[in-house]
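Secondary and tertiary structure notes
What follows is each chain in one-letter form.
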Amino acid sequence: MRAVFKFKTLYLMMVPVLAYFILFSFYPLARGLVISFQKYRLIGDRPFVGIENYASILKDPFFWDVFRNTIVIGVGIFVINFILPLLLALSLNEVASSWFKKITQMIVYLPHLFSWVIVGGMWILMLSPDTGIINQIIQLLGAEPVSFLSSDRYARIVMIVTSGWKEMGFTCILYLAAIVGINPSLYEAARIDGANRWQLVRDVTVPQLVSTMKVVVMLNVLGILRMFDQIFVMRNGAIADKVDVIMMYTYQKGILEFSVGPATAAGFLVILATLIITYITRAVIRYDEG
Amino acid sequence: MLRSRKLFGSVMSVILLGGMLAGCSANGGNVPPANGGSAAPAQQDPANSEERTLKIMTGVVGGKTPEENVLFEKEIERLTGIKVSIDKPASDYDQKLLAAVASGQKFDLLQVSKEKMNTFIDQGILTPLTDQLNASKILSDPSVIPAAEWEQVKTKDGQIYGIFTKYQGGTMPIVRKDWLTKLNLEEPTTLDEYYAVLKAFTERDPDGNGNKDTYGLSTAGMYEVQGFFSAAGLKQRYVETADGKLDVPYSTDAAVPVYEWLNKLYKEGILDPNFATNDTGKMRNLFLTDRVGMITYWDAWVGMLNNTRMEQDANTAFEAKALPGAADANGSHMLRRGDPDVWVIPVNAEHPQTAFEFIEWWHTQDGIMLGSLGIKDNDYTLDNGKYTLTQTGKEHASDHGVPFWYNSNVEAPFGKLPGVQAAQDLVNQYASLELTPPNWSEAEKIINEYSFKAILGEMPAAEAVKKMREELKAGKLID
């Protein structure tokens, strides 16, 4: 208590931040948990119904459809968002020209700054079967145009690739920052031992990036089940069954149907699943071991 | 020095916390003072002893900007004597309505779609208005709202919970009449004739630019294709069968020929290949930029499309015209009537009588002029009974939530835009409401999935319909 009093100014300065989290994160979370056990009405009494909302979600075949989509697309995005930025960062690290490196970094980082409304709209235009640049190139090569965004075959791939394209720059910056922090004496020592360029990358750079890779893995894992914006913007009726994810399901239940109880239950299942996946991932990658 | 730093830190913390809490207060903005105005307020119902104040949440009724919304509130007070606070979110209305009501905010009146009204009725959160309605001299007058219209909002037990905010139109195929004339084509009536016209629009260079860059038809996904399913006599969304069961006509075998017809259009490049990803804005733009000869959309848009092109070029040949859709074997047409928007009074409204009084007023001359033209001396001026739109009024296109109304005693001061009346006549003649049960969004997903598969040729139409039906049954979405 004396320590609290001693640092009272610091504690006082924490109050707004704490208040913010209590008001906008913890309180809604606690209320949400309560609602997930209620038969929710917008006005009036909301009787408790035990686990009925959870049971209705788990029995709903649509939930399992979107769960499957979430896992397939989420894992795809996870893999692409892990590998591509790493390759890009390692490649950029080998580039001697400073201006080229900076311009490339800026170009690949830019899409991360735009919202999915912009990026999704752009890709819808680029993938258009008649006027989209991708199909114009395909037609130049003598092939038939492809309806990427209305075809079951390509729908998930498009979601994965466009997400990789958008987020690659951000993850790449994390890797590049870590590469800059690698002790130069390690490279010097390796060179003295006769290591060539490839060996420097394989035996010095990559092992030194392991802790950053763990952070990237954890960040990507946390986001797997929370996909929404991209799907909301880029989906359409033709591919909805292939790309609708759990958060779209909660949106449909909660906002379109005003079935707030089941929607909240689905939301808590997402939180629970994220907790489990995160815990397993932490254990597998030995996150706490640095 | 240290003490003054501590003091500064403490003061800053308190200010930050205070600022945040102030931002969370229920009424962050001040409600502007009432404008006495010159017009005499409407007479208060003597049976109404409530405080004459209302809190309303609306999606489209109100000012076009937050500033105009304040003027809108003042204008209501000037005309009715009711002090009004209107919460009109700029976007995501349903989401904000849900958040506001669920968080405990009390509203006297809500503007909602019929679909949402049904959800609210299921939750038991709306006040039934049937008795008040029957007792209302204004609203029970068939010249104000035609008696048959009430069927749209009646529940199975005959109760009415929502009262129209405006006249809701319908949807239909809209064709480039000038292209028909140019190519010497008649207005199509059957699916075969529609095919011939749409093919001609695609192949006979109707825009005369020498390039094959036009499509016969564009849609925004499966949105509003009722005009073609009319050929098979099939209603969009749900219908109730004679034995009281719910069914989805688009999932019946009778729909197969229409899917096959749409697939033929797609295969032959007559249907815009982007139809699956189009939103309605893109579809309209294709029509306005001479890329497409036919779209399927709302009656009111016939006029707006014509007006847009006329504003760009007063001598334009562009002419959009509404069509009644494809006739079935008996020569009948079937169009879609839009779900009406309604005023509803929540069960926890603090001023339900005043709210009903407002709804009655909304259907009078003053209410309609406010909902259409807007605010006097801001959107329009009135001089010796002659209405003149101001520049603001022109920009607001006579729509403050009521572009069209039921009350036949109230004349539109500036008439209707070209083509609208003919389109509305088609709606009145052929359009009817479909049923939209609360789980419609789940059914819609299945219907869309297999409809697209059939149209895009990924699955034979008969198989798509069979699977659609199986999944609807498995999901207990049809009886």
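Just so it is clear, the structure is predicted and the values come from calculations on it, not from any experiment. (Residues numbered from 1 in each chain as written. Chains lettered and ligands numbered in written order. Predicted model: local features only at pLDDT ≥ 70, side-chain atom pairs only at ≥ 80, totals over all residues.)

Assigned secondary structure in chain B consists of 17 helices and 15 strands. In chain B, 77% of the contacts between residues at least 6 apart in sequence involve partners at least 24 apart. (Helix = DSSP H or I, 4+ residues; strand = E, 2+ residues; numbered from the N terminus. Contact = placed C-beta atoms within 7 Å.)

With that out of the way, let us pick up the overall build of chain A. When you go through chain A residue by residue, the secondary structure sums to 15 helices and 0 strands. Taking 2.2 N^0.38 as the reference for a compact globule, 290 residues should give roughly 19 Å; the C-alpha atoms of chain A span a radius of gyration of 24 Å, well beyond that estimate. Buried positions account for 31% of the 290 residues belonging to chain A. Partitioning the intrachain contacts of chain A with sequence separation of at least 6 by distance along the chain shows that 68% fall at a separation of at least 24. (Rg over C-alpha atoms; globule rule 2.2 N^0.38 Å. Buried ≥ 20, exposed ≤ 12 C-beta atoms within 10 Å, placed from the backbone.)

So, on to the interface of chain A and chain B. By a widespread convention, an interface's size corresponds to the accessible area lost as its parts come together. Each side of the interface is counted separately: chain A has 33 residues, and chain B has 37 residues. Among the elements of the structure, α2 (8-35), α4 (61-94), α13 (240-243) and α14 (246-256) of chain A are those that each provide at least two residues to the side of chain A that touches chain B. If you tally residues by element for the side of chain A that touches chain B, the top one is α2 of chain A, at 8 residues. Looking at the side of chain A that touches chain B, its residues break down into 20 nonpolar, 8 polar and 5 charged. (Nonpolar A, V, L, I, M, F, W, Y, C, P; charged D, E, K, R; others polar.)

Here the focus is the domain arrangement of chain B. All names here are of chain B. Domain boundaries assigned for chain B yield domain 1 (46-168 + 340-407) and domain 2 (170-337 + 430-474). Facing the 7 residues of domain 1 at the interface are 4 residues of domain 2. Counted by class, the side of domain 1 that touches domain 2 contains 2 nonpolar, 3 polar and 2 charged residues. (Domains from an automatic or database assignment.)

What follows is about the environment of G162 of chain B. Residues and elements named next belong to chain B. Within the secondary structure layout, G162 lies in strand β4 (residues 162-164). Taking the C-alpha atoms as reference points, G162 and K212, 50 residues apart in sequence, are found 50 Å from one another. Apart from residues no more than four positions distant in its own chain, G162 is found in contact with K114, M117, V153, V342, W343 and V344.

What follows is about helix α6 (residues 116-126) of chain A. Buried residues of α6 of chain A: V119, G120, W123 and I124 of chain A, and no others. Down the axis of α6 of chain A, the buried side of the element spans an arc of 135 degrees, and every buried residue falls inside it. (Arc of directions from axis to C-beta.)

Moving on: helix α11 (residues 210-224) of chain A. In an α-helix, one turn spans 3.6 residues, which is why side chains three or four residues apart end up on the same side. Residues and elements named next belong to chain A. The first and last C-alpha atoms of α11 sit 21 Å apart over 15 residues, in line with the 21 Å expected at 1.5 Å per residue. Here α11 has its buried residues at V216, N220 and I224. Down the axis of α11, the buried set is contained in an arc of 80 degrees. They therefore lie on one face. On its buried face, α11 is in contact with α4, α8 (152-180) and α15 (260-285). (Expected span 1.5 Å × (residues − 1).)

The next point concerns the nonpolar core. Ranked by size, the top nonpolar core spans 117 residues in total, and within it I246 and A266 of chain A together with I174, F229, V258, Y259 and L262 of chain B carry the most contacts. Looking at this core element by element, the count peaks at 9 residues for helix α16 (residues 440-456) of chain B. Grouped together as the second largest cluster of nonpolar side chains are 49 residues, M57, F107, L126 and Y167 of chain B included. (Core = buried A, V, L, I, M, F, W, Y, C linked by C-beta atoms within 7 Å.)

Turning our eyes to something else, we now look at the confidence of the model for chain B. Regions with low pLDDT carry predicted coordinates that are not meant to be interpreted in detail. Residue and element names in this part refer to chain B. Taken over all residues, the pLDDT of chain B has a mean of 88, while the share at 70 or more is 90%. Ignoring residues within four places in sequence, the model shows residues 11-41, a span with pLDDT below 50, making 28 contacts including any to other chains. Model confidence for the complex: the whole-complex pTM is 0.81, and ipTM, which rates the interface, is 0.79. (pLDDT = per-residue confidence, 0-100.)

Let us now look at the sheet that holds strand β1 (residues 53-57) of chain B. All names here are of chain B. The sheet built from 5 strands is open, its strands ordered β2-β1-β3-β12-β4 with mixed pairing. Edge positions in the sheet fall to β2 (83-87) and β4, since each has one partner strand and no second. Across the sheet, the mean angle from the axis of one strand to that of its neighbour is 30 degrees, orientation sign disregarded. Bridge count for β4 against strand β12 (residues 341-344) is 3 bridges, and the pairing is antiparallel. Looking at β12, one finds that G162 is bridged to V344. Along the sheet, helix α12 (residues 352-362) contacts β1, β3 (109-113), β4 and β12; its crossing angle with β1, the most-contacted strand, is approximately 70 degrees. (Pairing = 2+ DSSP bridges. Axes fitted to C-alpha atoms, helices over the stretch in contact; angles between N-to-C directions.)

Let us look at the pairing of β2 of chain B. Residue and element names in this part refer to chain B. Note: β1 against β2, 5 bridges, orientation parallel. Within β2, the residue paired with K55 across the bridge is S85. Following the chain from β1 across helix α2 (residues 66-80) to the adjacent parallel β2, one finds a crossover that is right-handed. (Right-handed = clockwise from strand over helix to strand, strands pointing away.)

All names here are of chain B. With their axes 7 Å apart at the nearest point, helix α9 (residues 256-267) and α16 run at an angle of 50 degrees to one another. Judged by the angle between their axes, α9 and α16 are oblique. When α9 is examined against α16, the residues Y259, L262, N263 and Y266 are found in contact with a partner set consisting of S451, A454, I455 and L456. Broken down by class, the residue content of the contact of α9 with α16 amounts to 6 nonpolar, 2 polar and no charged. (Parallel < 35°, antiparallel > 145°, perpendicular 65-115°, else oblique.)

The next thing to look at is unusual backbone geometry. Residue and element names in this part refer to chain B. For D377, which is not a glycine, the phi torsion comes out positive at approximately 70 degrees. Along the chain, D377 falls in the loop between α13 (365-372) and β13 (380-383). The phi dihedral of K476 falls on the positive side, at around 55 degrees, and the residue is not glycine. Of note, K476 is situated in the segment after α17 (461-474).

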